[in-house]
Amino acid sequence: MVVEVLETLNYPAYFVTVVVISAVLRSLRACGFSKRVRNCALLGFLGVVVYLHTLPGEPPAPPHRNYLSQQVVLSTTAVDSEGGNRTTWIEPVSWSPRAFIVHNLLSDEECDQFILAGRDEVKPSETVGGEMTRAYRTSAGAFLLRYGKGRVLAEIVERVALVVGIPVFQGERVQLLHYEVGQYYKPHTDYFVQENDRAATVLMYLSDVEEGGDTNFPQGRGTREYRQRHGEYLSQPSSCAGLEGVRQPVGGEADQGGGGPRAAKGTQTCRVRPEKGSALIFWDVGPGYNQFDMFSLHEGCAVVRGDKWSSTIWIRQDVISPWEMMDELENAARLGVIDP
Ligand SMILES: O=C(O)CCC(=O)C(=O)O
């Protein structure tokens, strides 16, 4: 034990300890204390030194504050429509906002069926504020019942609930979105600052996009791993509006329809490329639910080539309406989507 303690001593401290102990012993002798008393004092000193070294010291410095290993594999057994293996894995995007991608959460087939289930209901989207703010969002969308569109959608909604750890009926109805070339959703946050507010956003990509259509967090900073892995892509110019696209006060440029995609910035380190079957999940609030996360500001960048199908589920802090939940479940049982 003493050897272990001596090994942990740094030598200047060891030297000082020896000098102090011998000085005290010499003073004791000068004061006429007996050898026995001096030996007891020596043992006492050594005991104190050993005890002090068993106390926890300074914690070691972690490699970096937001450390997380590269990826988390959930399953390698899911089989896609072509019979091949599909690996579902989680990729951290950022800790501010708290955002991650679940790759291959949906199979290609599920994405196609999802689009089929709602494409006839899709109409030009409205943001809160209606006509005045239409220039803010030029995509088209529809809200679908979670259990009203057959088993595939119900399974997806339940899968999302499990991944996020929040029950299905704390989620709003599923929004299906379609963006054509030039269409976008400018930077905004999803919370309203109201009771039972939105806590998390799940954005599922139902198609690949030839060019553009990224989701961007203009104030976010990708984790070191994310920036390294996607460095080449992130350094390319994008069609995102970025911070310049943030809503102006009423009467400002954006409210007058001065929208449209802005020039490329090329510096968005927290930009996510749509990938068919993947879900981008991020939190609109901090871990304690008591603070909105301003860094969750995000945008749907303009589609440059091809088109983009995606779906958003906004998750609230609590069940939205027990009545709606009972109606929907009754209806689903009638349709045979769930067992009564
Ligand atoms: O389509 C996107 O990438 C963003 C969609 C979005 O911001 C939303 O639905 O709140």
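Residues numbered from 1 in each chain as written. Predicted model: local features only at pLDDT ≥ 70, side-chain atom pairs only at ≥ 80, totals over all residues.

**Comments concerning the UniProt feature "transmembrane region" (unreviewed entry) in the protein**
- In this structure's numbering, the residues bearing the UniProt feature "transmembrane region" (unreviewed entry) are residues 12-28 and 40-56.
- Annotated as residues 12-28, this span is 100% helix and 0% strand, and its ends, taken at the C-alpha atoms, are 24 Å apart.
- Within the segment residues 40-56, helix and strand shares are 88% and 0% respectively, and the terminal C-alpha atoms sit 27 Å apart. (UniProt positions renumbered as here; feature names shortened; annotations may be inferred. Helix = DSSP H or I, 4+ residues; strand = E, 2+ residues; numbered from the N terminus.)

**Digging into the site of the ligand**
- Near the ligand, the surroundings consist of L177, Y185, D190, T201, L203, T215, H298, G300, S310 and T312.
- Elements with a contribution of two residues or more to the shell around the ligand: β8 (198-205), β13 (298-300) and β15 (308-316).
- Across the shell around the ligand, the residue classes break down as three nonpolar, six polar and one charged. (Near = placed C-beta within 6 Å. Nonpolar A, V, L, I, M, F, W, Y, C, P; charged D, E, K, R; others polar.)

**Thoughts on the environment of V168**
- You can see V168 is positioned in the loop between α5 (151-164) and β6 (174-179).
- Of the residues examined, V168 has 19 C-beta atoms within 10 Å and is grouped as partly exposed.
- Considered as a pair, V168 and M325 are 157 residues apart in the sequence and their alpha carbons are 9.5 Å apart.
- Beyond its immediate chain neighbours, meaning those up to four positions away, V168 contacts R146, V157, E158 and A161. (Buried ≥ 20, exposed ≤ 12 C-beta atoms within 10 Å, placed from the backbone. Contact = placed C-beta atoms within 7 Å.)

**Structural notes on the pairing of β6**
- Burial runs high along β6: five of the six residues are buried.
- Sheet topology places strand β5 (residues 140-144) next to β6; five bridges connect them, and they run antiparallel. By the bridge assignment, G141 is partnered in β6 with L177.
- Here β6 runs beside β15; their pairing, made up of five bridges, is antiparallel. If you follow H178 over to β15, its bridge partner there is W309. (Pairing = 2+ DSSP bridges.)

**Considering the confidence of the model for the protein**
- Put simply, the protein has an average pLDDT of 84, and 80% of its residues get 70 or more.
- Contacts from residues 249-266, a stretch scored under 50 in pLDDT, to residues over four places away or in other chains number 34 contacts. (pLDDT = per-residue confidence, 0-100.)

**Considering the sheet that holds strand β11 (residues 271-272)**
- In space, the four strands of this open sheet follow the order β7-β13-β10-β11, with antiparallel pairing throughout. At either end of the open sheet lies a strand with only one pairing partner, and these are β7 (185-188) and β11.
- Bridge analysis of strand β10 (residues 215-216) against β11 gives two bridges, and the strand direction is antiparallel. In the sheet register, T215 faces β11, and the bridge partner there is V272.

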